[in-house]
Each structure stands twice: as structure tokens, then as C-alpha cells.
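These are the residues of each chain, in order.
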Amino acid sequence: MNKKSSKKSSSIENYSHLELFNLGKIFFKEKKFIDFRSKGNRSGFEAIKDINLKIEKNTFVSIIGPSGCGKSTLLNLIAGLQAPTSGKIVIDGQAIKGPGPDRGVIFQNYALMPWLTTIQNIEFALNTVFPAKTKADVKERARKYLRMVGLEKASNKFPKELSGGMKQRVAIARALSINPNMLLMDEPFGALDALTRSYLQDELLSIWRKNKVTVVLITHSIEEALLLSDKIVLMSSGPSAIISEEISVDLERPRDREKIEQDPNYLKIKMRLEKHLLRETRAVEEVT
Amino acid sequence: MNKAISTRLTFAVAILSLLIFIILWQVIAQQGLLVKNFPGSFKTIGSLIWWVSDPFFDNGPNDLGIGTNLLISLRRVLIGYSLAVLVAVPLGVLMGMSKLAQSSLNPYVQLLKPVSPLAWLPVGLFVFRNSEITGIFVIFITSIWPTLINTAFGVASINPDYLRVSKSLGASKSTTIRRVILPAIMPNILAGMRISMGTAWLVIVAAEMLLGTGIGYFIWNEWNNLSLENIFVAIIIIGFTGFILDQFFGFLQDKFDYSI
Ligand SMILES: Nc1ncnc2c1ncn2[C@@H]1O[C@H](COP(=O)(O)OP(=O)(O)OP(=O)(O)O)[C@@H](O)[C@H]1O
Ligand SMILES: [Mg+2]
């Protein structure tokens, strides 16, 4: 299924939605004013290197890797929040220069502004991205997206009055309100309890189906990746983390949480993922 | 229920301790236990009532009502303080945001911050040749440091998530400053402004002893009259005013505390 859609899109336009070419990121130590030892020596910490990846339009891709390997770094680069040290990021055939409203970012800690109410948080995004829109327009649109995540009633509440799950739904509504065609999510459900998490996973899937967005999701959870993704990207342990494998998840949709676990194909991929993660995590432990 | 009782109890204890204090003061003064002619609490309270019952008379600079003097001091503080906040907040934001501004301005801040603002008084008099402006200038110098330092610290320690959200939306620098950074550091700014106000209120009294008029000059004048009870009256009024000012900022801080 994944292959078919990629073939189809490549016949219309000969590029994918997102393409990464030899992407690398080195964090250089901040140079102190007086630092004789590191004179002229720009040594740094290479988080990721030689990342090559193609993501097709409207697909759901998960990135999994051991802790600290550079997943957030990779996502920040795609979001344009940090500049790569080497390589380039191409979206719809255009190399990106920085952040843009074509990409909606959802952060692990919700990142809602505590001085704004729920609806004002969304309005802030809308006002920033669409400065020409009228006040009434912005309010209406913000309401629409709050309704979409089922939080109409909480529109005048402040973030501190919301549960973790509700906050993340506001963050999702905010990211979607600017009508991006790509959603970048950094472990969005990591801090939530199991029940809320599965509820939000379902919600995310239905949003993804309805809104025609490409999703790049970073997760720690193999089950989450298998339930949601068309493709799973495995990263090696850092430093200098690379993409060690790309796995297509050819499981039929909609996927049922319970039934899917009996699917032999599911189990096969799951075992492969577990083996990989175990190996890479061990590698981390041996280094440290 | 329980809370009401404990509130009433606290109030009763406060009244009782005040009564004990007033009586002890009176006894010690009357018996001359401290020094001779030390005014007792009764005399001081009588004085206080006299000053407060007609606070705004004006019989020339050496004979002003205590309310008139208080307003003169408050006016100087408010002007100098407001100017200081207008300078300190933008400068603090700049220092918090830019490494260059930080490293070029910080040495001056660190060097000037520990200097008593009164050291600037002769400088002010020399430059402005005007005691009113000099008073405002001294308060300006006094008020600027705490607000500046707290603002810069607030910007430097702002939750990076807010900035990331703003950046990911493609917000301009000015939008980010106005809509994200300023509201985010409001608690820091208010904390700085509260300290600035407290220090300004301390310094104005000392400065006015050298400048003429104002509540500080009132104290100096009453010292020349050897009227200690009037000095106590001024101390009570100064303390009460400072308390009200501080409470006002406490109230603002509660309003802008995002964590509760
Ligand atoms: N600004 C930075 N300066 C220096 N080093 C950094 C910086 N950001 C990240 N790193 C380093 O780069 C590596 C990758 O970090 P990153 O946050 O991308 O990992 P991650 O895979 O998202 O980890 P986690 O699973 O814990 O979220 C880490 O070793 C981290 O210490
Ligand atoms: Mg991370």
C-alpha cells in the first residue's frame, strides 16, 4: 500500500513531501571569552550524521531510537528551529531555510503559554501566521479547532486548569489550526497515562485521515509506532547517530488495538524492532 | 469555621502585643530608663493624631503638613521610579536576549549596583543645579538595578518551549518580544519592580534630609527642633506608606503568577 502511493505521487511530481540529504548536526561548544585550551580547535558533539530519508505525502512515519540518539535534534532540524551543520532538507522540492507554517510542531511538554487561555493560545498561532485575518475570523477558526479536539467547553480555561491530555489536545489543535501539511510531533503522548494515550492516538489517526497531513512522529513506544505508522525509521545510538533501518508497516487500516496483536506480520515487525532497540541501547550502555 | 476562629485569634494576639508594646514604651520613657526626656508612647500618639487630623497645611518649606510632605516624597519616588522602569525593562530585555549587550553592559551594572545611590546626590546637584530634579535622579539610579537585573534574568531563563513555539510559527522578533517574552517574564519584572520600589522608598528619606522638603526633610527639621515624638510620627507614616506600596506589588505579583 505504501509502495503504491509513493509510485502514484512520483508520477505526478518527481519529489517526495520531505527529503533529507546527508543531514548532519554537530553541536559546538560555546566559546568562552577567555579559553586558551580550545584555541582554534572547533571540536563539537556530532549528534546525527548522514541522515538520508524520503517521506511521501500524507504518510504517517514514526522515528524510533534509543534515548539521547538525536531524535529531537532531527525533528528540530526538519521544523527549521535549528540549522543543520551539513546536508539539506527539501520540502515539496524546495530546500527549507527556516521554520514555516507549512509545518505544525507539537512539543513533548505541550508548550502552551500559561498567560493565555486555551482559545487565546490558538489565536496566537493564527494571528501570527495569518496577520490579515479579522478578529472574528480568527476566533471562529480557533473555536472550530477546539471543537475538533473536543475542548470547546474549555476555551476560556487557562492551561494550569487542564489535565495533561487536555493540554496536549490544545497543542494539537494549535498546530493544526494554521493548516500545515506536515505535523511534526516529539513524543507527544509520552507523559500521558495509558488510557488517555490510546484515546489521543485514535484522535490523531482520525485527524490525519481527515486533514491530509504528513505526520512525522517521534516515539519511544514500539506499539505506538506499529499502531499508527506506514513507515518506521530506526535510528542507531549516538553520538553520530544514523538511520539504521526503514521498515514499512504493511498492516491493514483501520488497525484494531486488540486484533492487531495477533497478526503474524505485526509480531514479526515488533520482534525486529525490539531486537534493534535492545542492541542499540546496549551499545549506549557500553559507551557510557 | 476553624479558619475564622484562627483569624480572629491572630487579630486578638496582634492587638494585645500592640497594647503591651505601647504600655512598655510609655513606662520605659516615663521612668527615664533609656535616656532623659525620651518621648513616651502617649505623647507620640497625641502627636500622631495632631499631624494626621490636619495633614495638608502649608506655612512655608519649614512648616508643612505631614501629608503635604508625604505627597512631595511620593511624587519624587513615582517620577524617578517610573523613569527607571521605562529604562530598565527594555534594557533588561536587550541584555537577556543579546550576548553582546549582556557582556558590554554587565560590567557597569555589577560595578554600579553595590554603590549607595546617595553617592550620586552631589553629582546630581552639580549637573542639574536643582534639588527637585536631583531627588528624582537619585531615585532613578536607585530603582534601576533591581528591575534591570530581574528582567534580564527573566529573559535568560525563559522556558525555551515558548520561544520554540513562536519561532516555529515564523513569528517576527517584535511579535516574539511583545507577545511571548514580555508576558512570560512579567513575574520577574514585577519582582524586580517590587524590590526597586522598596529600595526607592528607603533612599528617598535619606536623600531628602539633604535636599529640603519631603518626609525625609521633615525628620531632619524635627531633629533640629529636638522633637523626637514628631520623628516617631514620621517613622510610623513612612513605615505604613512603604507597607501599602509593598502590598500593592504583592497583589500584582499574585495576579501574574502563572503557576497557581
Ligand atoms: N543544544 C545542544 N547542545 C549540545 N548538545 C546537544 C544539544 N541538544 C542536544 N544535544 C545532544 O545531542 C544528543 C541528541 O539529543 P536529542 O535531544 O536529539 O536526543 P533524543 O533522541 O531526542 O533523546 P530523548 O530520547 O531523551 O528525547 C544528546 O547527546 C544531547 O546531549
Ligand atoms: Mg527527545
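Residues numbered from 1 in each chain as written. Chains lettered and ligands numbered in written order. Predicted model: local features only at pLDDT ≥ 70, side-chain atom pairs only at ≥ 80, totals over all residues. Heavy atoms only, no water.

## Things to note about the packing of helix α3 (residues 118-129) of chain A against helix α8 (residues 173-211) of chain B
In a packed pair of helices, the relevant descriptors are the angle between the two axes and the axis-to-axis distance. We count it as follows: Simply put, an axis is a line fit to the C-alpha atoms, just over the touching stretch for a helix, and the angle between two N-to-C directions goes from 0 to 180 degrees. Secondary structure elements follow DSSP: runs of H or I no shorter than four residues count as helices, runs of E no shorter than two count as strands, and numbering proceeds from the N terminus. In these notes the angle categories are as follows: under 35 degrees is roughly parallel, over 145 is roughly antiparallel, 65 to 115 is roughly perpendicular, and the rest is oblique. When checking whether two residues touch, look at their non-hydrogen atoms; a contact exists if any pair is within 4.5 Å. Amino acids outside the nonpolar list (Ala, Val, Leu, Ile, Met, Phe, Trp, Tyr, Cys, Pro) and the charged list (Asp, Glu, Lys, Arg) are all regarded as polar, and Gly is one of them.
In the contact formed by α3 of chain A and α8 of chain B, the axes pass within 12 Å of each other and the chain directions differ by 170°. One way to sum up the angle between α3 of chain A and α8 of chain B is to call them roughly antiparallel. Taken together, the residues of α8 of chain B that come into contact with α3 of chain A (itself represented by Phe-124, Asn-127 and Thr-128 of chain A) are Thr-175, Arg-179 and Val-180 of chain B. Residues of the contact of α3 of chain A with α8 of chain B, tallied by class, amount to two nonpolar, three polar and one charged.

## With respect to the site of ligand 1
All names here are of chain A. In plain terms, the rule: Any residue with at least one heavy atom within 4 Å of a molecule or strand is counted as near it. Think of a polar contact as two N or O atoms within 3.5 Å of one another; within protein, one of them needs to be a possible hydrogen donor and the other a possible acceptor, and neighboring residues in sequence only count if both atoms come from side chains. The accessible surface values rely on the Shrake-Rupley method and a 1.4 Å probe; as for residues, cover is taken only from the protein chains in view.
Neighbouring ligand 1 are Phe-27, Phe-45, Ala-47, Ser-67, Gly-68, Cys-69, Gly-70, Lys-71, Ser-72, Thr-73, Glu-187 and His-220. Gly-68 has a polar backbone atom sitting 2.9 Å from an oxygen atom of ligand 1. Note that an oxygen atom of ligand 1 is positioned 2.9 Å from one of the backbone N or O atoms of Gly-70. Calculation on ligand 1 without its partners gives an accessible area of 630 Å², and the protein chains cover 59% of this total. Those elements giving two or more residues to the shell around ligand 1 turn out to be β2 (44-55) and α2 (71-79). With three residues, the single largest contributor to the shell around ligand 1 is α2.

## Topic: the domain arrangement of chain A
Interface size is often expressed as the accessible area that is lost when the parts come together. Residue and element names in this part refer to chain A. Here is the rule we go by: Domain extents, as shown, originate in an automatic or database domain assignment. Buried area is calculated as the accessible area (1.4 Å probe) missing from two parts once they are joined, with the contributions of both summed. A side-chain nitrogen of Lys or Arg and a carboxyl oxygen of Asp or Glu constitute a salt bridge if their distance falls within 4 Å.
Domain boundaries in chain A define domain 1 (46-102 + 181-288) and domain 2 (110-179). Placing the centre of domain 1 and that of domain 2 at their C-alpha centroids yields a distance of 25 Å. Across the contact, 14 residues belong to domain 1 and 13 residues belong to domain 2. When the two sides are added together, the surface that domain 1 and domain 2 hide from each other amounts to roughly 1,000 Å², 71% of it contributed by carbon and sulfur. On inspection of domain 1 and its partner domain 2, the count reaches zero salt bridges. Linking domain 1 with domain 2 are one residue pair in polar contact (both at pLDDT 80 or more). Elements represented by at least two residues in the side of domain 1 that touches domain 2 include exactly β7 (182-186) and α6 (194-211).

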